[in-house]
Amino acid sequence: MANIGNVWVFIEQEGGTIAEVSLELLCKGRELAARLGVKTEALLIGDKLGKCVDKLYEYGADTVFLAEDPRLEPFTVQPFAKVIMDLIREYNPNILLFGATMKGRELAPRVASEKLAGLTADCTSLRIDDFEDRVSKKSYTDKLMQIRPAFGGNIIATIVNTWDDPQMVTVREGVMKMDEPTPGRKGELVKVKPALTDAETVIKVIERVREDKDVNLKGAQIIVAGGYGVGNKENFALIKQLAEVLGGEVGASRAAVDAGWINHDHQVGQTGVTVRPKLYIACGISGSIQHRAGMTGSKKIIAINTDPDAPIFAVSHYSIVGDLNTVIPQMIKAFKAKA
Amino acid sequence: MTVSYTVIVFVKQVPDTQNITGEAMTPEGTVNRGALPAIFNPEDLNALELALQLKDRYNAKVVVGTMGPPNAAEVLRNALFRGADEAFLLTDRAFAGADTLATSYALSCAAKKYGKFDLILCGRQAIDGDTAQVGPQLAEKLNIPQICYIEDVIKLEKGKITAKRAIEGGYEVLEAPTPSLLTVIDSNIPRPQNAMRIMKFKKAKTKSELIKANSTYTDANERAAEEKRLEDKDLLIYEWSAEDVGADKERIGFAGSPTKVKEIMSVVLTATDTKKVEASEKGISSLIQELINDHTLG
């Protein structure tokens with residue numbers, strides 16, 4: 001075994017349901033760990049989570065560190081950061097991955113700051129490579145290349161952490177491919193006793209209201225998405241109708257969400273969800289760089305827009321220059337006639 | 001009513017990445033910062049607005065601070081125009097090249113230099129990097145609690161704050177001791193600049209700006225007297241160097257930044273092989289047929 005630490009994945013869960021991004025990261029973590037010749041290990045933190053453990057093995061965890069305590073439910077940053085820091089000090093992992101979710105993005109920087117480790121936000125790609133720092137003339141082998149969009153998505157930067165391990169990143173949801181689980185795969189369970197004090201448990205949750213999302217864009221095979229060109233809330237019904245007929249989900253650009261035509265759960269793009277369906281139909285979406293960042297992984301893209309110069313046409317496989325109010329009913333009619 | 005609470009708002013002057021024009025990118029694909037207008041980071045305006053609401057409700061004193069080049073004093077004046085009471089600029093070449101860890105360390109030194117405070121407010125994230133890391137890292141550096149994604153403050157009391165924040169799919173109401181750090185999301189409408197305040201605070205200056213405007217100063221005493229005169233009228237924007245805030249040189253700027261940029265690439269449109277489909281019943285019908293045939297549909 002190499003003399004470097006293992007690859008760790010922070011497992012995000014809500015009421016015992018594991019976030020998809022954490023499973024995506026286990027799959028990615030397994031790939032990175034194989035390249036480095038180390039193990040993939042999962043950090044499962046909360047209360048009464050025993051039933052989650054097997055799933056983590058099946059998705060690639062060799063070890064599950066399980067920290068349970070009533071004070072770790074519901075999630076608050078400081079107690080979680082304390083548990084993670086104590087584990088880092090004890091085991092010295094090489095890499096630590098978090099989902100770039102609301103929880104991940106408030107927890108990871110608190111840990112990185114205390115550890116004096118570098119942290120790169122919202123990565124869209126990760127790989128292992130060597131790095132030569134031209135300024136300090138130092139070279140590093142087998143470092144984590146942390147690739148992320150910056151400047152509103154106009155550039156893609158590759159960033160390397162040159163200080164203490166772990167090399168920490170948050171990774172956008174939906175960008176890492178989730179492999180099929182291996183049923184019956186087993187690993188090692190390490191139960192951790194959280195050493196919490198009053199210093200970490202100062203924040204009290206008085207009220208907590210949440211609902212699960214009413215749409216699963218990440219898992220959708222077909223997405224029909226509407227943008228500002230849809231024109232108004234009433235016309236959005238047309239987008240929903242096409243999605244229903246084709247058996248798909250409804251997506252939207254930020255402009256349509258900001259206009260209040262549909263809620264944020266449906267937003268595709270840099271500040272929404274990254275999707276990769278079999279078919280993506282972009283209706284009245286001009287195709288800003290931020291939107292394209294979330295959908296160019298789709299297998300087939302159809303774009304409908306009245307503006308022949310809309311940037312969306314540059315990434316589409318089928319370009320339809322026309323009015324969606326005419327084109328969509330034609331599509332519905334044609335599909336009903338053939339299917 | 002006497003001042004009851006002190007709220008520090010950390011803000012950032014950022015290039016306007018939301019309205020990128022052709023000239024903003026060089027032919028080599030790097031960002032031409034000079035071609036982008038410098039603006040008040042949008043969510044920092046929400047943080048300032050929330051602080052000013054605390055001033056309205058509790059007579060809190062609002063102190064605005066930033067780290068940046070000398071001309072970042074512009075965002076501080078902008079904040080004074082909207083209602084902030086005091087401002088400080090952290091500026092030094094030694095801060096250049098800082099990543100989020102080095103930035104949060106520098107800001108923590110500035111907060112300590114300022115003195116006692118009850119709350120620190122920041123925007124959730126800045127539009128040039130979108131990392132949302134500096135707020136939580138600053139809280140850790142100061143060893144105070146953090147609450148991110150704040151929508152509103154429900155109640156501020158001596159030693160305690162109750163606030164509402166967004167969580168995935170909903171919201172939470174949290175109670176935290178003060179001092180605490182809050183990061184604020186786009187959940188209020190920032191008040192505009194006030195005409196009376198513009199008249200007064202357009203004269204607010206930093207030490208560097210005073211020197212620049214009065215190149216005739218012959219000795220330090222004369223300049224110090226001018227600074228004192230401005231301070232007495234609440235028109236001095238405090239300007240601090242790395243040394244002034246007692247920052248360790250090894251922990252700021254490039255030297256204090258663990259993350260290094262290996263490579264930058266511009267995002268180019270990957271030209272896809274596009275098939276033009278006629279927007280007619282016939283065109284659409286054959287498209288649908290093609291998608292059924294290759295099992296994309298049906």
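Conventions adopted
Residues numbered from 1 in each chain as written. Chains lettered and ligands numbered in written order. Predicted model: local features only at pLDDT ≥ 70, side-chain atom pairs only at ≥ 80, totals over all residues. Helix = DSSP H or I, 4+ residues; strand = E, 2+ residues; numbered from the N terminus. Rg over C-alpha atoms; globule rule 2.2 N^0.38 Å. Buried ≥ 20, exposed ≤ 12 C-beta atoms within 10 Å, placed from the backbone. Contact = placed C-beta atoms within 7 Å. Pairing = 2+ DSSP bridges. Axes fitted to C-alpha atoms, helices over the stretch in contact; angles between N-to-C directions. Core = buried A, V, L, I, M, F, W, Y, C linked by C-beta atoms within 7 Å. Expected span 1.5 Å × (residues − 1). Parallel < 35°, antiparallel > 145°, perpendicular 65-115°, else oblique. Left-handed = near helix turned anticlockwise from the far one by under 90°. Domains from an automatic or database assignment. Nonpolar A, V, L, I, M, F, W, Y, C, P; charged D, E, K, R; others polar.

Looking only at helices and strands, one finds eight helices and 18 strands in chain A. Taken against the 2.2 N^0.38 rule, which gives 20 Å for 339 residues, the C-alpha radius of gyration of chain A at 22 Å falls within 12% of a compact globule. Overall, chain A is about 65 × 50 × 40 Å in size when its C-alpha atoms are taken along their principal axes. Buried residues in chain A amount to 52% of all 339 residues.

Where burial is concerned, most of helix α4 (residues 134-141) of chain B is hidden: eight out of the eight residues are buried. Listing the buried residues of α4(B) in full gives B:V134, B:G135, B:P136, B:Q137, B:L138, B:A139, B:E140 and B:K141. In the core, the buried residues of α4(B) are packed alongside α4 (102-115) of chain A together with α3 (100-114), β6 (119-123), β7 (146-157) and β10 (180-184) of chain B. Positive phi appears at B:N143, one or two residues downstream of α4(B), with a value of about 55 degrees.

Residue and element names in this part refer to chain A. Within the open sheet, the seven strands sit side by side as β7-β11-β6-β1-β4-β5-β12. Their pairing is parallel. The sheet is open, and its two edges are formed by β7 (119-123) and β12 (188-192), each paired on a single side. With direction set aside, neighbouring strand axes in the sheet form an average angle of 20 degrees. Bridge analysis of strand β1 (residues 7-11) against strand β6 (residues 95-99) gives three bridges, and the strand direction is parallel. Looking at the pairing, V9 lines up with L97 of β6. Each of β4 (40-46), β5 (63-68) and β12 is contacted by helix α3 (residues 77-91), which is oriented at about 150 degrees to β4, the strand it contacts most.

Turning next to the nonpolar core. One finds A:L43, B:V7, B:V9, B:A106 and B:L121 to be the most contacted residues of the largest nonpolar core, which totals 130 residues. A total of eight residues in this core trace back to one element, the largest contributor, which is α3(B). Not counting the four nearest positions on each side in its chain, B:V7 is found in contact with B:A51, B:L54, B:A60, B:K61, B:V62, B:V63, B:F117, B:D118, B:L119 and B:L121. One finds A:I223, A:L242, A:I281 and A:V327 within the second-largest nonpolar core, a separate group that totals 51 residues.

Residues and elements named next belong to chain A. With 14 residues, α4 should reach 20 Å at 1.5 Å per residue; the first-to-last C-alpha distance of 21 Å fits that figure. Counting buried positions along α4 gives 12 out of 14 residues, so the element sits mostly inside the fold. All buried positions along α4 are accounted for by K103, G104, R105, E106, L107, A108, P109, R110, V111, A112, S113 and K115. At the C-terminal side of α4, L116 shows a positive phi close to 55 degrees.

All names here are of chain A. The interhelical angle for the contact between helix α5 (residues 236-246) and helix α8 (residues 324-338), taken along N-to-C directions, is 20 degrees, at an axis separation of 10 Å. When the interaxial angle is binned, α5 and α8 end up roughly parallel. Crossing hand, α5 versus α8: left-handed. Along its contact with α5, which presents L238, Q241, L242, V245 and L246, the element α8 presents N325, I328, M331, I332, F335 and K336.

Residues and elements named next belong to chain A. What the domain assignment reports for chain A is domain 1 (7-192) and domain 2 (222-338). Taking only C-alpha atoms into account, the centre of domain 1 sits 33 Å from that of domain 2. Across the boundary between the two partners, domain 1 contributes eight residues, which contact seven residues of domain 2. Taken together, the residues that form the side of domain 1 that touches domain 2 break down as two nonpolar, four polar and two charged.

Where a strand is regular, its side chains alternate between the two sheet faces. Where strand β13 (residues 204-210) of chain A and strand β9 (residues 170-177) of chain B come together, six bridges link them in antiparallel fashion. Its bridge partner being in β9(B), A:E207 is matched across the sheet by B:V173. In terms of strand pairing, strand β8 (residues 160-167) of chain B meets β9(B) through eight bridges, oriented antiparallel. Among the inter-strand pairings, B:K160 is bridged to a residue of β9(B), identified as B:P177. In sequence, β8(B) turns back onto β9(B) through a hairpin of two residues, with B:G169 there showing a positive phi of about 75 degrees.

Turning next to the sheet that holds strand β12 (residues 259-266) of chain B. The strand order β8(A)-β9(A)-β10(A)-β12(B) describes an open sheet built from four strands, whose pairing is antiparallel. Every interior strand has two partners, whereas the edge strands, β8 (125-133) of chain A together with β12 of chain B, have only one. In this sheet, adjacent strand axes meet at a mean angle of 35 degrees when their direction is disregarded. Of the pairings in the sheet, the one linking strand β10 (residues 155-161) of chain A to β12(B) comprises seven bridges and is antiparallel in character. Across the sheet, the residue bridging to A:I159 is B:V261, located in β12(B). Sitting on the sheet, helix α1 (residues 20-36) of chain A is in contact with β8 and β9 (138-150) of chain A, with an inclination near 40 degrees to β8(A).

Now for the interface of chain A and chain B. Taken together, the 71 residues of chain A in the interface contact 68 residues of chain B. In terms of residue count, the dominant contributor to the side of chain A that touches chain B is α4(A) (eight residues). Its residues placed into classes, the side of chain A that touches chain B shows 38 nonpolar, 17 polar and 16 charged.

Another point: the environment of A:D258. Note that A:D258 resides in helix α6 (residues 254-258). The sequence separation of A:D258 and A:Y228 amounts to 30 residues, and the corresponding C-alpha distance is 9.3 Å.

Residues and elements named next belong to chain A. Summarising burial for β6: five of the five residues are buried, a large majority. The alternating pattern of β6 places I95, L97 and G99 on one face and L96 and F98 on the opposite face, and all of these are buried. Examined bridge by bridge, β6 and strand β11 (residues 167-171) share five bridges and lie parallel to one another. In the sheet register, F98 faces β11, and the bridge partner there is T170.

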